Amino acid sequence: MKHALPSVFLSTLLFASCGSSTGVQGDATAEPDVEVGDAVALTGFMFTTRNLMDITVYIQLQPRLLDELPMQRDLGAGWEDITVWRPVDDIECPDSPDECVCPTPTEPWQMRQLLPDDEYQVGWAPSPSPSSDCYILVDDFCADCRCYRPTSIYPGRYSVTRCVYNDYRCTESDPCGPESVGYFRPAEPAGDQICVRREFDIPGATSDIQLPIDP
């Protein structure tokens, strides 16, 4: 099973340059530590997961899409964790680690089946649109939780990852689905995890990011 796929075919994506942010910036402002171009404003993405296998797979639906669809970017200094979805349930990094107040974690509780040749789409459409908002996820600032720092979408290499499972487990009663559109709840992943990671460029990437689950 493939865990990495080639880059997305480049196509036209509506974008516009935002105010200049070139230069070397410090970590306190969550700006890149390398020379970058102007921020890029995007109208949105559609992330499409299609099951190309001959078995049913299961997606763990997370309370927050930044956990369900992990993203990274490389602006020239290595990969860093980011998200285009504002992490409203996570905390923004305070001035000092001593000031961290971690939210109560929300447990995922449902799975969605993906039949052979079926697809599942998740969209990101910023409001107002277009937008250059982006967020760096910091794992080692607060002792007990992750926090984030606002930043902008800059030209560079980006990636998104989708993981599925080949089985599920009902956590309270069995059976626990499938309900409408193939939901199982309350349920959790079981069996083998299958992940696909797609890299794409900004600007220049198609607005439809394909995440095929291949045998």
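Given the structure is predicted, the values throughout are model-derived calculations rather than measurements. (Residues numbered from 1 in each chain as written. Predicted model: local features only at pLDDT ≥ 70, side-chain atom pairs only at ≥ 80, totals over all residues. Heavy atoms only, no water.)

This paragraph deals with the side chain of glutamine 113. Relative to the assigned elements, glutamine 113 resides in strand S8 (residues 110–114). Classification of glutamine 113 by relative accessible area gives buried; the value is 17%. Excluding residues within four positions of it along the chain, glutamine 113 makes contact with Thr56, Val57, Tyr58, Asp118, Pro178, Gly182 and Phe184. (Helix = DSSP H or I, 4+ residues; strand = E, 2+ residues; numbered from the N terminus. Buried < 20%, exposed > 50% of the residue type's maximum accessible area, 1.4 Å probe, protein only. Contact = heavy atoms within 4.5 Å.)

In a beta sheet, neighbouring strands are held together by backbone hydrogen bonds and run either parallel or antiparallel to one another. Within the open sheet, the three strands sit side by side as S9-S3-S15. Their pairing is mixed. The strands lining the two open edges of the sheet, one partner per strand, are strand S9 (119–124) and strand S15 (208–213). Sheet twist, expressed as the average angle between the axes of neighbouring strands with direction ignored, equals 15 degrees. In terms of strand pairing, strand S3 (residues 45–51) meets S15 through six bridges, oriented parallel. (Pairing = 2+ DSSP bridges. Axes fitted to C-alpha atoms, helices over the stretch in contact; angles between N-to-C directions.)

Turning our attention to the packing of aromatic side chains. Per the counting criterion, the structure on display carries nine aromatic pairs. Between phenylalanine 45 and phenylalanine 200, the aromatic rings sit 5.5 Å apart at their centres with planes inclined by 65 degrees, giving edge-to-face as the arrangement. Here the residue phenylalanine 45 occupies a position in strand S3, and phenylalanine 200 occupies one in strand S14 (residues 187–202), the gap between them amounting to 155 residues. Aromatic side chains phenylalanine 47 and tryptophan 85 sit 5.7 Å apart centroid to centroid with 45 degrees between the ring planes, which places their arrangement in the tilted category. Of this pair, phenylalanine 47 sits in strand S3 while tryptophan 85 sits in the loop between strand S6 (79–83) and strand S7 (91–92), placing them 38 residues apart in sequence. Three or more aromatic residues joined by ring pairs form one cluster here, namely Phe45, Phe47, Trp85, Trp124, Tyr158 and Phe200. For arginine 149, the ring lying beneath its charged end belongs to phenylalanine 141, and the centroid distance is 4.9 Å. Positioned over the ring face of tyrosine 183 is arginine 185, at 5.0 Å from the centre of the ring. (Phe/Tyr/Trp six-rings, centres within 6.5 Å; stacked < 30°, edge-to-face > 60°. Lys NZ or Arg CZ within 6 Å of the ring centre and 35° of its normal.)

With that settled, the discussion passes to the nonpolar core. Counting residues in hydrophobic clusters, the biggest one holds 44 residues, and the most contacted among them are Phe47 and Phe200. Elements that contribute at least two residues to this core include exactly strand S2 (40–42), S3, strand S4 (57–61), S9, strand S10 (133–138), strand S12 (156–170), S14 and S15. The dominant element in this core, judged by the number of residues it contributes, is S14, at four residues. One finds Tyr58, Met111, Cys176 and Phe184 within the second-largest nonpolar core, a separate group that totals seven residues. (Core = buried A, V, L, I, M, F, W, Y, C linked by side-chain atoms within 4.5 Å.)

Inspection of the entire model under this criterion finds 13 salt bridges. Put simply, arginine 162 and glutamate 68 hold a salt bridge, and the shortest N to O gap is 3.1 Å. Here arginine 162 is found in strand S12, whereas its partner glutamate 68 is found in helix H1 (residues 65–68), with 94 residues between them in sequence. For the residue pair arginine 162 and glutamate 68, the accessibility class agrees, reading buried in each case. Arginine 73 serves as the salt-bridge partner of glutamate 80, at 2.7 Å between the closest nitrogen and oxygen. According to the relative accessible area criterion, glutamate 80 is partly exposed, its value standing at 26%. Via salt bridges that share partners, Arg64, Asp67, Asp90 and Arg146 belong to a single interconnected network. (Salt bridge = Lys/Arg side-chain N within 4 Å of Asp/Glu carboxyl O.)

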